[in-house]
Amino acid sequence: MGGETISSPPYDVVIIGGGPAGLTAGMYAARADLRTLTIEGGSTVSQITVTDLIENYPGIPDGIIGSSLVDRLKTQAVQFGLKIATGDVTAVTKKRWGETDGWEIVADDMRYGTLSVIIATGANWRRLGAAGEERFIGKGVSFCATCDGPFYRNREVAVVGGGDTAIQEALYLTRFAKKVTVIHRRDRLRATAILQKRAFANEKIAFAWNSVVESIEGLDLVQGIKLKDVKTGATRELAANGIFIFVGLTPNTAPFRELVAADQGGYITVDANMQTSVPGIFACGDCIAKRLRQVVTACGDGATAAFSAQLYVEELKGEAY
Ligand code: NAP
């Protein structure tokens, strides 16, 4: 910009991430009359958009499909003036705007100037690291039952994991598959009691306890899985046309590693106001270090982050009251 001094960046707050946390933050910030932009991932989608039925979101007794909830959150936020852009954020750097400290965000070939930043990039599915896992992605290995379940009508599939996601998705897969084997590395599920009860009562669901995946086998498509018993070391073959892997999450925080403090798992550490280790940068939703990752907690975090950003921006502008 040829040495030109710009006294104010175009945005008061830029939110990185367009899932429930980011969109709720966007709605609150826009409604508070802040100049607000949400940058949705260009090559990623929020986990919630591939989630089947959400039945524990308060006030929606009939449940709601994940993608519908995101559409509704977006419509509501845009009504209050939220702007939405698309791009993969690769850098957030400090930038001086006249007398004021702010930030510049690089997403693809675009740059966005802002006084404050809210990171709401969520988390993505963790890989097993088993032989054949990468090679058979899209050919029998899947991380999304909603997307790929219908391909397995009357076939046998396996689900790896013992958490809420694995059990919820195993239950969903019984709509299509004739048999669903849940492979879990322990002899006890981590999933919440109601999901466990439903899974144990479902005749189509079998369990391979104390078992880990050694390799995924097949020619062009998955035909079976080699399992190892972690107690005895014995291996065995399990026939399966599909393997759905739900062994937890890794946070989408790589671009911010040098910017803000995070825990050992890469989850961004925040205080109760969603303030990160850096003034002016807030974080919310599944990418932060916390105990419960649910849509309702993501939305709550998003509202808190937006309010904190609002107070920060008002202070910067000398408008605090
Ligand atoms: P999670 O709760 O972290 O569970 C991951 C599961 O994968 C655990 O059972 C774990 O085994 C197993 N695991 C981890 N690494 C493994 C490996 N390398 N090999 C084999 N197994 C491995 O993850 P999640 O189920 O995706 O859930 C993530 C968050 O979303 C949670 O907070 C969950 O409550 C929430 N969620 C809620 C709902 C709902 O309320 N309906 C639905 C979906 C997700 P161990 O048990 O032995 O550790």
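Values in this document were obtained by computation on a predicted structure and should not be read as measured data.

Trainee: Quick question: what am I supposed to make of the overall build of the protein chain here?
Mentor: Regarding its fold elements, the protein chain presents 6 helices and 19 strands. By the compact-globule yardstick of 20 Å for 321 residues, the protein chain fits well, its C-alpha radius of gyration being 22 Å. Seen along its three principal axes, the alpha-carbon backbone of the protein chain occupies a region of about 65 × 40 × 30 Å. Evaluated residue by residue, the protein chain yields a buried proportion of 49% over its 321 residues. Long-range pairs, those at least 24 residues apart, make up 59% of the contacts in the protein chain between residues at least 6 apart in sequence.

Trainee: I'm lost on helix 4 (residues 164-173) in this one. Help?
Mentor: An α-helical turn contains 3.6 residues, so a residue and the one three or four places further along point in the same direction. Burial runs high along helix 4: 7 of the 10 residues are buried. For helix 4, the complete set of buried residues consists of Ala 166, Ile 167, Glu 169, Ala 170, Leu 171, Tyr 172 and Leu 173. Close packing links the buried residues of helix 4 with helix 3 (145-148), strand 11 (156-160), strand 12 (179-183), helix 5 (193-201), strand 13 (205-208) and strand 17 (242-245).

Trainee: Could you clarify how one ought to interpret the site of the ligand in this entry?
Mentor: In the vicinity of the ligand, 19 residues are found, and the nearest of them are Asp 164, Thr 165, Arg 186, Arg 190 and Gln 294. Between the ligand and Gly 163, the relevant distance is 3.2 Å, taken from an oxygen atom to a main-chain nitrogen or oxygen of the residue. Taking Arg 190, its side chain carries an N or O atom lying 2.7 Å from an oxygen atom of the ligand. For the ligand, the protein covers 78% of the area, taking 920 Å² as the surface of the free molecule. When residues of the shell around the ligand are assigned to their parent elements, the largest contribution, 3 residues, is made by helix 4. Residues of the shell around the ligand, tallied by class, amount to 4 nonpolar, 9 polar and 6 charged.

Trainee: Just to check I follow, could you spell out the sheet that holds strand 16 (residues 235-239) for this structure?
Mentor: Paired through backbone hydrogen bonds, the strands of a sheet run either parallel or antiparallel to each other. Within the open sheet, the 3 strands sit side by side as 14-15-16. Their pairing is antiparallel. Edge positions in the sheet fall to strand 14 (211-218) and strand 16, since each has one partner strand and no second. Here the strands of the sheet are splayed against their neighbours by 30° on average, with no regard to which way each runs. Across 7 bridges, strand 14 lies against strand 15 (residues 222-229) in antiparallel orientation. Across the sheet, Glu 217 pairs through a bridge with Gly 224, a residue of strand 15.

Trainee: Please explain the sheet that holds strand 12 as it appears in this structure.
Mentor: Taken in spatial order, the 5 strands of this open sheet run 10-17-11-12-13, and their pairing is parallel. At either margin of the open sheet sits one strand with a lone partner, and together these are strand 10 (141-142) and strand 13. Pairing of strand 11 with strand 17 involves 4 bridges; the strand directions are parallel. The residue of strand 17 that forms the bridge with Val 157 is Gly 242. Running over the sheet, helix 4 touches strand 11, strand 12, strand 13 and strand 17 and is turned about 170° from strand 11.

Trainee: How do you make sense of the packing of helix 1 (residues 20-31) against helix 2 (residues 66-79) when you look at a structure like this?
Mentor: Any two packed helices are characterised by how steeply their axes cross, that is the angle between the axes, and by the distance between the axes. Running from N to C, helix 1 and helix 2 point in directions that differ by 20°, and their axes come no closer than 9 Å. One element, helix 1, and the other, helix 2, form an angle in the roughly parallel class. Read as a crossing pair, helix 1 and helix 2 show a hand that is left-handed. Across the interface between the two elements, Pro 20, Leu 23, Thr 24 and Met 27 from helix 1 touch Val 70, Leu 73, Lys 74, Gln 76 and Ala 77 from helix 2.

Trainee: Is there a simple way to explain the state of the cysteines in this structure?
Mentor: Here a disulfide denotes a covalent bond joining the sulfur atom of one cysteine to the sulfur atom of another. In total, this model carries 0 disulfides according to the counting rule given. Cys 284 supplies the cysteine sulfur nearest to Cys 287, a cysteine that is in no disulfide, at a spacing of 6.5 Å. Between Cys 299, a cysteine without a disulfide, and Cys 284, which holds the nearest cysteine sulfur, the sulfur-to-sulfur distance is 9.7 Å. On the basis of relative accessible area, Cys 299 is assigned to the buried category, the value being 7%.

Trainee: Looking at this structure, I do not really get a positive patch on the surface. What am I missing?
Mentor: Taken together, the side chains of Arg 126, Arg 185, Arg 186, Arg 188 and Arg 190 define a basic patch exposed on the protein surface. Locating Arg 126 in the fold gives a position in the loop between strand 9 (123-125) and strand 10.

Trainee: Where do I start with the pattern of salt bridges in this structure?
Mentor: Scanning the model with the defined rule gives 9 salt bridges in all. In this structure, Asp 12 and Lys 317 form a salt bridge, with 2.8 Å as the shortest nitrogen-oxygen distance. On the criterion of sequence distance, the pair formed by Asp 12 in strand 1 (residues 11-16) and Lys 317 in the segment after helix 6 (295-316) is long-range, its members being 305 residues apart. Given the relative accessible area of 38%, Lys 317 is considered partly exposed. The closest approach of N and O atoms between Lys 95 and Glu 104, which form a salt bridge, is 3.5 Å. Judged by its relative accessible area of 14%, Glu 104 falls in the buried class.

Criteria and thresholds
- Residue positions are counted from 1 within each chain, in the order its sequence is given.
- Predicted model: local features are reported for residues with pLDDT of at least 70 only, side-chain atom pairs are reported and counted for 80 or more only, and whole-chain, interface and lining totals are derived from all residues.
- Processing note: side-chain calculations cover all non-hydrogen atoms of the structure and skip hydrogens and water entirely.
- Strands are runs of DSSP state E lasting at least two residues, helices are runs of H or I lasting at least four, and both sets are numbered from the N terminus onward.
- Radius of gyration: C-alpha atoms only; globule rule: 2.2 Å multiplied by the number of residues to the exponent 0.38.
- For each residue, the accessible area found with a 1.4 Å probe, counting protein chains only, is set against the maximum for its type, and the residue is called buried under 20%, exposed over 50%, and partly exposed in between.
- Contact criterion: two residues are considered in contact whenever any of their non-hydrogen atoms come within 4.5 Å of each other.
- Summary of the distance rule: residues count as near a molecule or strand when at least one heavy atom falls within 4 Å of that molecule or strand.
- As used in this structure description, the phrase polar contact means that two N or O atoms lie within 3.5 Å; if the pair is within protein, one of them must be able to donate a hydrogen and the other to accept it, and residues adjacent in sequence are counted only when both atoms belong to side chains.
- The method behind every accessible area is Shrake-Rupley, applied with a 1.4 Å probe, and residues are considered shielded solely by the protein chains displayed.
- Charged means Asp, Glu, Lys or Arg here, nonpolar means Ala, Val, Leu, Ile, Met, Phe, Trp, Tyr, Cys or Pro, and polar covers whatever is left, Gly included.
- Any two strands with at least two DSSP bridges between them are considered paired.
- As a rule, the C-alpha atoms of each element are fitted with a line to give its axis, helices using only the stretch in contact, and angles between N-to-C directions run from 0 to 180 degrees.
- Angle categories are assigned with fixed cut-offs, so that under 35 degrees is roughly parallel, over 145 is roughly antiparallel, 65 to 115 is roughly perpendicular, and the rest are oblique.
- By convention, the crossing between two helices is left-handed when the near helix turns anticlockwise from the far helix through less than a right angle, and right-handed when the turn is clockwise.
- Throughout, a disulfide means two cysteine sulfur atoms within 2.5 Å of one another.
- Here a patch means residues that are over 30% exposed by relative accessible area and free of salt bridges, tied together within 9 Å if like-charged and within 5 Å if nonpolar (Val, Leu, Ile, Met, Phe, Trp, Tyr).
- Criterion for a salt bridge: a side-chain nitrogen of Lys or Arg within 4 Å of a carboxyl oxygen of Asp or Glu.
- His is not counted, nor are the chain ends; Lys and Arg add positive charge and Asp and Glu add negative charge.
- Charge coordinates come from a single atom per side chain, which is NZ of Lys, CZ of Arg, CG of Asp or CD of Glu.

Spatial relationships are all this shows, so hold off on functional conclusions.
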